[in-house]
Amino acid sequence: MSGTKSGSHADDPFQEGGGSLLRQPKAVWATAGASVVAFMGIGLVDPILPSIARGLHASNSQVSLLFTSYFLITAFAMLVTGFVSSRIGGRKTLLAGLALVVVFAALSGMSGSVGELVGFRAGWGLGNALFVSTSLAVIVGAAAGGSAAAILLYESALGLGMACGPLLGAILGDLKWRYPFFGTAVLMAIGFVAITAFLKEQPRPARKTSLLDPLRALGHGGLASAAVAAFFYNYAFFTVLAFTPFVLDMSPYSSGGVFFAWGVLLAVFSVLVAPRLQHRFGSLKVLGGSLLLLAADLLVLGYGDHTTAVVCTVLSGAFIGLNNTVFTELALGVSDAPRPVASAGYNFVRWFAAAAAPFLAPKIEEWTDLHVPFVVAAAAAVAGAGIVAVRRRALTIEAAELEPRHAAQDGASAFAN
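Rules and cut-offs
Numbers given for residues are sequential positions, taken from 1 along each chain in its written order. Per-residue local features of the predicted model are confined to residues with pLDDT of at least 70, and side-chain atom pairs are confined, for both listing and counting, to 80 or more; whole-chain, interface and lining totals are unaffected and use all residues. Remark: hydrogens and water are excluded; side-chain values derive from all non-hydrogen atoms of the structure. Comment: elements are numbered from the N terminus, with helices defined as DSSP H or I runs of at least four residues and strands as E runs of at least two. The rule is simple: take the accessible area with a 1.4 Å probe, protein chains only, and divide by the maximum for that residue type; under 20% is buried, over 50% is exposed, in between is partly exposed. Should any heavy atoms of two residues lie within 4.5 Å, those residues are counted as being in contact. Definition used in this section: a nonpolar core is a set of buried Ala, Val, Leu, Ile, Met, Phe, Trp, Tyr and Cys residues joined via side-chain atoms within 4.5 Å. Two aromatic rings from Phe, Tyr or Trp, using only the six-membered ring of Trp, form a pair when their centres are within 6.5 Å; if the ring planes differ by under 30 degrees the pair is stacked, by over 60 it is edge-to-face, and anything between is tilted. The criterion for a charge sitting over a ring is simple: Lys NZ or Arg CZ within 6 Å of the ring centre, and within 35 degrees of the ring normal. Only one rule defines a salt bridge in this text: a Lys or Arg side-chain nitrogen within 4 Å of an Asp or Glu carboxyl oxygen. In protein, a polar contact means a hydrogen-donor-capable atom and an acceptor-capable atom, both N or O and within 3.5 Å, with residues adjacent in sequence counting only if both atoms are side-chain atoms; elsewhere, any N or O pair within 3.5 Å suffices. To estimate how far a helix should extend, the number of its residues minus one is multiplied by 1.5 Å. Helix axes use the C-alpha atoms of the stretch in contact, all axes being lines fitted to C-alpha atoms, and the angles between their N-to-C directions lie in the range 0 to 180 degrees. An angle below 35 degrees is read as roughly parallel, one above 145 as roughly antiparallel, one from 65 to 115 as roughly perpendicular, and any other as oblique. Note: crossing handedness is left-handed where the near helix turns anticlockwise from the far helix by less than a right angle, and right-handed where it turns clockwise. Each residue is assigned to one class: nonpolar for Ala, Val, Leu, Ile, Met, Phe, Trp, Tyr, Cys and Pro, charged for Asp, Glu, Lys and Arg, and polar for all the others, Gly among them. Along the chain, pLDDT gives the predictor's confidence residue by residue, from 0 to 100.

Engineer: Honestly, the environment of Val-376 in this entry has me stumped. Any pointers?
Structural biologist: Relative to the helices and strands, Val-376 is located in helix H14 (residues 372–390). Since its relative accessible area comes to 31%, Val-376 is described here as partly exposed. In the structure, Val-376 is positioned 140 residues away from Ala-236 in sequence and 8.1 Å away in space, judged by C-alpha atoms. With residues near it in sequence (within four places) discarded, Val-376 still touches Tyr-235 and Ile-364.

Here's what the structure looks like:
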């Protein structure tokens, strides 16, 4: 199979399998539902960043550390998740992650200073890493309809969570900036109960995952290329997510509405549009084109007036949705490493950009002006597209060779990450 037509969506699960995307076991729906809430936690603080800054007498760059601490811990935790889950099992790892999120989300709502809030968000990031990375493996391993349906279900949860997070943050944050954190703690506690009730423990893999396995997996040229390209893409993505709320400077409700529309586009393009574009044009063409369009969108966002900035913020969700789906497939299918291990190595690299962008964008604005952070983000998206173009051969997925190998690995190691 050519690289231009690579990816498991080439089979288009929406046209085959009798609607398998929606016909899933209760355990899969419980895990996906909790995943929605986990992803809500990422964008939850978007509409209330200015309110948090005022409430805790903090600067924009200080409040942006809420993202930096969260994703920095998440990145390092990716090396630990497989080690933990291959020893205690996927179910216990999911529950441990959920319990940590419940505790640290509640503590975040009780913070008395921005330093405390940043620290509690770091603990939240550890819990989220344990849950999110393991949930993908659980869904892939337990879903009906194969890996294509599982990935789309996971991307659906991501998109819905990204859309609803800012909305929940706006509704509760309009009352008090602390309430969204308490709301997340309650929802994750419900997820804890659902997984306890519906998800049974699965057999552990024959081989335990070591702390170095994800790093060894990055020795594969294709996976390393996907991870580095995703690093630059994530810098652009999280400039939009973490810095744009300060630029828009809107009320929590207005900002929440903007990012809800952004999240809806993200979900629609992840789940409905990406598979069809991949089937027609091939994964790498879709990815390269989407990254370039995201770069153009960011430049217009940075230099346009307020209305233009709102429109471009919402529109960026479409390109981000396309990129998320294609990058996830590349990470899971481009190498012969077990999918959980490949996912951990890939996420270890890309989440560093999610930690860097929220910290650097406000600093760049302080050093220069409001436009330059978006120029830097656009350049990062172009760099990602350049890597995809230059490393095209390495990113080609020989699906005929890899798919049988991965099918066997899924049964043995679905809970290894």
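Engineer: Looking at this structure, how should I read the nonpolar core?
Structural biologist: Soluble globular proteins tend to bury their nonpolar side chains together. Ile-52, Phe-71, Phe-181, Ile-195, Phe-238 and Trp-262 are the most contacted members of the largest nonpolar core, which has 123 residues in total. In terms of residue count, the dominant contributor to this core is helix H9 (residues 221–248) (17 residues). When residues no more than four places from it in sequence are discounted, the contact partners of Phe-181 are Leu-44, Val-45, Ile-48, Ile-52, Ala-105, Ala-106, Ser-108, Gly-109, Leu-117 and Trp-124.

Engineer: How do you make sense of the packing of aromatic side chains when you look at a structure like this?
Structural biologist: Any pair of aromatic rings gets described here by the distance separating the centres and the angle formed by the planes. All told, the structure shown has 17 aromatic pairs when counted by the stated rule. Each member of the aromatic cluster is reached from another via a ring pair, and the members are Tyr-70, Phe-71, Trp-124, Trp-177, Phe-181, Tyr-233, Phe-237, Phe-238, Phe-259, Trp-262, Phe-327 and Trp-351. Over the aromatic face of Phe-83 sits the side chain of Arg-87, whose NZ or CZ is 3.8 Å from the ring centroid. In this structure, Arg-121 is placed above the aromatic ring of Phe-67, and the distance from its NZ or CZ to the ring centre is 6.0 Å.

Engineer: Honestly, the pattern of salt bridges in this entry has me stumped. Any pointers?
Structural biologist: It is possible for side chains of opposite charge to pair when their charged atoms get near one another. Enumeration over the complete set of coordinates arrives at 1 salt bridge. A salt bridge links Asp-213 to Arg-216; its shortest N-O distance comes to 2.9 Å. With Asp-213 and Arg-216 both in helix H8 (residues 213–217) and 3 residues apart, this pair spans about one turn of that helix. Judged by its relative accessible area of 54%, Arg-216 is exposed.

Engineer: I'm lost on the side chain of Ser-135 in this one. Help?
Structural biologist: If you trace the backbone, Ser-135 turns up in helix H5 (residues 114–142). Polar contacts involving the side chain of Ser-135 include one to the side chain of Ser-35, which spans 3.4 Å. At a separation of 2.7 Å, a polar atom in the side chain of Ser-135 contacts the main-chain carbonyl oxygen of Val-132. Not counting the four nearest positions on each side in its chain, Ser-135 is found in contact with Thr-31, Ser-35, Leu-94 and Tyr-154.

Engineer: How should helix H7 (residues 179–198) be read in this particular structure?
Structural biologist: Turn by turn, an α-helix covers 3.6 residues, leaving residues three or four places apart pointing in a common direction. In this model H7 runs 29 Å from its N-terminal to its C-terminal C-alpha over 20 residues, within 8% of the 28 Å that 1.5 Å per residue would give. Where H7 is concerned, the buried positions are Pro-180, Phe-181, Gly-183, Thr-184, Ala-185, Met-188, Gly-191 and Ile-195.

Engineer: Please clarify how the packing of H5 against H7 should be interpreted in this entry.
Structural biologist: Each pair of packed helices can be summarised by the angle the axes make with each other and by the distance between the axes. Between H5 and H7, the least distance of the axes is 14 Å, while the angle of their chain directions is 25 degrees. The angle between H5 and H7 places the two elements in the roughly parallel class. Both H5 and H7 take part in a crossing whose hand is left-handed. Between H5, through Leu-117, Trp-124, Asn-128 and Phe-131, and H7, the contact on the second element is made entirely by Phe-181, Thr-184, Met-188 and Ile-195. Across the contact of H5 with H7, the residue classes break down as 6 nonpolar, 2 polar and no charged.

Engineer: Got a minute to help me understand H14 in this structure?
Structural biologist: Its 19 residues place the ends of H14 27 Å apart at the C-alpha level, agreeing with the 27 Å of an ideal helix rising 1.5 Å per residue. Those residues of H14 that sit buried are Pro-373, Phe-374, Ala-377, Ala-378, Ala-380, Ala-381, Gly-384, Ala-385, Ile-387 and Val-388. The inward-facing, buried residues of H14 abut H9, helix H11 (283–303) and helix H13 (339–367).

Engineer: What exactly am I supposed to notice about the confidence of the model for the protein chain here?
Structural biologist: Close reading of the predicted structure is inappropriate where its pLDDT is low. With 87% of its residues at a pLDDT of 70 or more, the protein chain has an overall mean of 82. The low-confidence segment residues 1–19 (pLDDT under 50) makes 49 contacts with residues lying over four places distant or belonging to another chain. Note on residues 398–417: pLDDT under 50 across the span, and 55 contacts to partners over four residues away in sequence or across chains.

Engineer: Is there a simple way to think about the packing of helix H10 (residues 252–281) against H11 in this case?
Structural biologist: For the pair H10 and H11, the least separation of the axes is 7 Å and the interaxial angle reads 120 degrees. Accordingly, the angle class assigned to the pair H10 and H11 is oblique. On H11, the residues that touch Leu-277, Gln-278 and Phe-281 of H10 are Ser-283, Lys-285 and Val-286. Tallied by class, the residues present in the contact of H10 with H11 amount to 3 nonpolar, 2 polar and 1 charged.

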